[in-house]
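Below, each chain spelled out in residue letters.
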Amino acid sequence: MFLFKSWLYLAAASYIPISLGQEHHAAGSPDNQNSTYHNPILPGFHPDPSCIFVPEHDDTFFCASSSFNAFPGIPIHASRDLQSWKLIGHVLNRREQLPRLAETNRSTSGIWAPALRYHEGTFWLVTTLVDDDRPQADSSRWDNIIFGAKNPYDPSSWSKAVHFNFTGYDTEPFWDVDGKVYITGAHAWQVGPAIQQAQVDLETGELMAPFQTIWNGTGGLAPEGPHIYHRKDNETDEGYYYLLAAEGGTGVEHMVTMARSRSVSGPFESNAANPVLSNYNTTSYFQTVGHADLFQDGNGNWWGVALSTRSGPEYIHFPMGRETVMTPVHWPTATEFPVWSPIRGTMSGWPFPSPRQKDSIPGPGPYITEGDDFVSFSDDMTSLPMHFAHWRFPPVDVDTGESKITISPSEKPGTLRLDPSYLNLTAINGNYAGPKHDPTSLGKIIGGGQSFVGRRQQDTLFTFSVDLEFSPSSLEEEAGVSVFLTQNHHLDMGIALLPRSNSTGSFPSTAKGASENGRGSSDSDVLVPHVRFRGISYVPVPEPVVLPLPVSWSISSNTTDDRQHVMKLSLEIRASNMTHYAFSVGETGRASSMQTVMVVSNEPVSWGFTGMFDILFSSFIFRFEQHSPFITLLESLTEASHIQGTILGVYCTSNGRLEGNTPAYFSNWRYIPQGQFRD
């Protein structure tokens, strides 16, 4: 069936004109020249795009993305020329909007695909907070929610979540011509794959009637991501409701399919040329293409956006996960299905709107192509840069309620202070990071969350570096840098206070100087600062590398206690090719001292399962009881971490020890883009 569908898709694609001629867009740009642009338009961790064009807001395009457990959540990017995309804010930007994000269990939980729409002066964002550890048939697994805002540039404009009941996900609002509002969503596919719909009150979440199935898809795995568009020919009064969906799972068999009906509630007739968009069975560098949306520009031309991973069909190295790509769509009449151009790294499309000055978009957020040339954490910085991210909400002290993350603290201005979290980046079983009971004190709660701040990897090649000042005084106190995908897929290089017996070797620059790495004692139990590389993934990772740091790298604190020596170090992560990271450390301000601790494949943070595994998994689901231990094991093993993308960041932790309370001070934060691979 997939081969037949792929043949139909290629046949349809062969009729796409190489040049999108002027007859398709009479109101084209003044020079009437087709555009050339590059994918992805939103590189890095920006999956499940939903985009709209809003003439009422100065002819601006807005795109929303999934965020899962990242916070702030649901980023919104804006553009006025489809070329320069600026982060203008996040829908989920305050804890009180959706407090339950703090307690999601599993790295694939959190905010799934959003649908962004604009209607009569209000921006609406409908999405699902998923507790992915619960059974599919458990209605509490799916918390479907609605946000509204009058001004998307103002974070406080976005409302608290309004909840509504639906056993499924990927929900979207649609306003019919009679004024009725419908929610269309994907029913839990392991229970019964279907696209369902109900009339709803967006202000209250009240359902006017139960959800009804309107389409079952084409037979591909997991029909989801539905969007409805109404097109009507003004001359003939003929028209259709077009239903867009994703099928095939989110691996390499991912695809976009369409159907249509004379009624918003169906029955829907499938497009004979399905799938309308997919890179399955191709050698393209861009794979997993699916979960799409459609919008028109000011000239009436249609564009499509979708998610894709830059992995090639081998599907091994793709640390940035699912990214947003864009393609021109030919949709000349209301009575024909649209034809999509295949996704490539370099695209030819409709003429772009006239370029605007970069400062024409309001807000302090960066443009997507910008790096972090130098983040100083100065006294006048009142909040972290808009594109910085945490994993769930940033932690707070359970006794004082104060944040464990402080910009330019009084004792060390111009730094970012991270007080250690009890939990490290793996946290509890690699899935949960919420509050837990103190095992040594009856009834006392240990604060959840992780002291972690990062930014998305958005370039194939880059250098990320920070300076660290750290004076660990207790066993296993640690601070460092990480390539973080999820709690069970990350690569870390930290400075940790450990017994000398933990060492796995000598530091490279001091291998011949025992006095340098012995730190003045032959006692193997003496605690000394080490640089430690370690990782976790469902695919093999290198054994930990634990090296005692040279004594000469410490600044004496006028004490004979080795543990009170202050470490001032530079930490660096570099991607100099498309397959590996290099982790390095050296003395701050002394570039010649930098030493590479580990060169490691990015495969552990590209982990995911292929579309074929999706199919095998789905067949198992229907052969075993939903609550059986076997299914629980399968769901754990097939956690689709590739649905996200890597975050490069800094952390501080006591590694589960209550006595650890030494803060880490980070400064001179840099992220330098150095190359983007597109083929």
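Scroll up to find the structure this text is about.
This structure is a prediction, so every number in the text was calculated from the model and none was measured.

Procedures and definitions
- Residues numbered from 1 in each chain as written.
- Predicted model: local features only at pLDDT ≥ 70, side-chain atom pairs only at ≥ 80, totals over all residues.
- Heavy atoms only, no water.
- Helix = DSSP H or I, 4+ residues; strand = E, 2+ residues; numbered from the N terminus.
- Contact = heavy atoms within 4.5 Å.
- Pairing = 2+ DSSP bridges.
- Disulfide = S-S within 2.5 Å.
- Buried < 20%, exposed > 50% of the residue type's maximum accessible area, 1.4 Å probe, protein only.
- Phe/Tyr/Trp six-rings, centres within 6.5 Å; stacked < 30°, edge-to-face > 60°.
- Lys NZ or Arg CZ within 6 Å of the ring centre and 35° of its normal.
- Axes fitted to C-alpha atoms, helices over the stretch in contact; angles between N-to-C directions.

Colleague: Looking at this model, I keep getting lost on the environment of Met 598. Mind explaining?
Modeller: For Met 598, the position within the fold is in strand β40 (residues 595-601). For the pair formed by Met 598 and Phe 583, sequence separation is 15 residues and the distance between their alpha carbons is 5.3 Å. Other than its neighbours up to four places away in sequence, Met 598 contacts Phe 533, Pro 542, Glu 543, Val 545, Tyr 581, Ala 582 and Phe 583.

Colleague: Which parts of the structure should I look at to understand the sheet that holds strand β23 (residues 339-340)?
Modeller: Across a sheet, strands are paired by hydrogen bonds formed along the backbone, either parallel or antiparallel in direction. Strand order in the open sheet formed by four strands is β20-β21-β22-β23, with antiparallel pairing between adjacent strands. Strand pairing shows two members of the sheet lacking a second neighbour, β20 (286-296) and β23, which therefore form its edges.

Colleague: Could you clarify how one ought to interpret the state of the cysteines in this entry?
Modeller: Among covalent bonds in proteins, the disulfide is the one between the sulfur atoms of two cysteines. Considering all chains together, one arrives at one disulfide under this definition. Paired by a disulfide, Cys 51 and Cys 63 hold their sulfur atoms 2.0 Å apart. Torsion about the S-S bond of the Cys 51 and Cys 63 cystine: about 115°, corresponding to right-handed handedness. Within this pair, whereas Cys 51 is found in strand β2 (residues 50-54), its partner Cys 63 is found in strand β3 (residues 60-64), the two being separated by 12 residues in sequence. Using a relative accessible area of 2% as the deciding quantity, one classes Cys 51 as buried.

Colleague: Just to check I follow, could you spell out the packing of aromatic side chains for this structure?
Modeller: In this description, an aromatic ring pair is defined by two values, namely the gap between the centres and the angle between the planes. With the rule as written, the count across this model stands at 29 aromatic pairs. A network of ring pairs unites the aromatic residues Tyr 240, Tyr 242, Trp 302, Trp 331 and Phe 337 as a single cluster. Here the basic side chain of Arg 231 rests over the ring of Trp 331, its NZ or CZ set 4.8 Å away from the ring centre.

Colleague: Before we go on, may I ask you to explain the sheet that holds β2 in this structure?
Modeller: Ordered by their spatial adjacency, four strands build an open sheet running β2-β3-β5-β6, and the pairing between neighbours is antiparallel. Whereas interior strands pair on both sides, the edge strands pair on one side only; in this sheet they are β2 and β6 (86-92). Ignoring which end each strand starts from, the neighbouring axes of this sheet average 25° apart. Where β3 and strand β5 (residues 73-79) come together, four bridges link them in antiparallel fashion.

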